[in-house]
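One letter stands for each residue in the lines below.
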Amino acid sequence: AARRSGRDDLPVIAITPFAAAPAQAEVIEAANDLQEQITHRLSQRTGVRVMQVDSQDASSPDTTYLLRGRLRVSGGKAKTTLSLVRGDSAHVFWSETFEGDAQDLFAYSDHISDLAINALRVQINAFDAERLENIDETVLTPSELRSRAAQHFHKGSLHDMKEARRLLDRALLLDDLETGHRIPQ
């Protein structure tokens with residue numbers, strides 16, 4: 001089977017502007033900062049395309065995931081709620097609330113972006129593995145092979161660990177062939 005390759009094969013995460021409450025300048029700027037940090041960090045990840053959209057563009061047929069966020073500040077505390085929505089069904093398949101001290105909203109944003117990126121990585125890998133489950137591995141990209149490997153890894157059995165390693169070895173080999181770089185043994 002022919003291998004799929006290129007950026008068009010990658011899942012697309014559309015990130016909408018984060019809401020802020022109350023609508024005060026400092027809170028709005030902190031929500032914007034948090035959105036920009038998450039957008040930047042996700043865009044550095046291989047295996048996904050990231051785009052910022054306004055609410056009207058969010059329903060694009062190319063959107064695999066939609067990320068929504070809201071920052072609320074009250075009484076010295078800050079709460080950020082993030083939701084990851086499947087683009088094909090509008091089903092919210094992950095939502096998490098992060099809390100912290102609102103004394104320094106930008107330090108709060110730095111901390112929450114770290115937590116959010118780690119949580120999002122797990123969710124996106126899990127969803128990608130489900131999406132890829134019935135596709136012949138010979139047509140999967142290295143990034144897709146890594147997602148499938150992560151699914152096996154998290155199952156935890158010896159058989160699944162061996163399968164995860166086999167898939168990762170294949171992804172490394174394909175990366176090597178595509179880039180022309182030799183991976184140290």
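Everything below is about the structure printed above this text.
What counts, and where the lines are drawn
- Residues numbered from 1 in each chain as written.
- Predicted model: local features only at pLDDT ≥ 70, side-chain atom pairs only at ≥ 80, totals over all residues.
- Heavy atoms only, no water.
- Helix = DSSP H or I, 4+ residues; strand = E, 2+ residues; numbered from the N terminus.
- Buried < 20%, exposed > 50% of the residue type's maximum accessible area, 1.4 Å probe, protein only.
- Contact = heavy atoms within 4.5 Å.
- Areas by Shrake-Rupley, 256 points an atom, 1.4 Å probe, with all protein chains shown as cover.
- Core = buried A, V, L, I, M, F, W, Y, C linked by side-chain atoms within 4.5 Å.
- Patch = residues over 30% accessible without salt bridge, like charges linked within 9 Å, V, L, I, M, F, W, Y side chains within 5 Å.
- Salt bridge = Lys/Arg side-chain N within 4 Å of Asp/Glu carboxyl O.
- Lys, Arg positive; Asp, Glu negative; His and termini not counted.
- Charge placed at Lys NZ, Arg CZ, Asp CG, Glu CD.
- Expected span 1.5 Å × (residues − 1).
- Polar contact = N/O pair within 3.5 Å; in protein donor to acceptor, adjacent residues only side chain to side chain.

When helices and strands are tallied, the chain shows 4 helices and 6 strands. Tracing the chain from N to C terminus, the helices and strands come up as β-β-α-β-β-β-β-α-α-α. Evaluated residue by residue, the chain yields a buried proportion of 41% over its 185 residues. Taking all contacts inside the chain whose residues are at least 6 apart in sequence as the whole, residues at least 24 apart take part in 58%. Counting every atom, the chain has about 10400 Å² of accessible surface; 50% of that belongs to carbon and sulfur.

Attention shifts here to the nonpolar core. Grouped together as the largest cluster of nonpolar side chains are 29 residues, with contacts concentrated most on Ile38, Leu42 and Leu67. Within the residue set of this core, elements represented by two or more residues are strand 1 (12-15), helix 1 (25-43), strand 4 (65-74), strand 5 (77-86), strand 6 (92-101) and helix 2 (105-132). Not counting the four nearest positions on each side in its chain, isoleucine 38 is found in contact with Phe18, Leu67, Leu82, Ser113, Ala116, Ile117 and Leu120. In terms of nonpolar packing, the next biggest core, distinct from the first, is built from 8 residues, Leu132, Ala149, Ala164 and Leu167 among them.

As a further point, take a negative patch on the surface. Judged by side-chain charge, Glu26, Asp101, Asp104 and Asp110 come together as a negatively charged surface patch. Assignment of secondary structure puts aspartate 101 in strand 6. A relative accessible area of 47% places aspartate 101 in the partly exposed class.

Quick look at helix 2 now. In a regular helix each residue adds 1.5 Å, so 28 residues correspond to 40 Å; helix 2 covers 39 Å between its end C-alpha atoms and thus fits that length. At the N-terminal boundary of helix 2, the capping side chain belongs to aspartate 104, with an oxygen 3.2 Å from the backbone nitrogen of phenylalanine 106.

In short, shape yes, function no, at least from these values alone.
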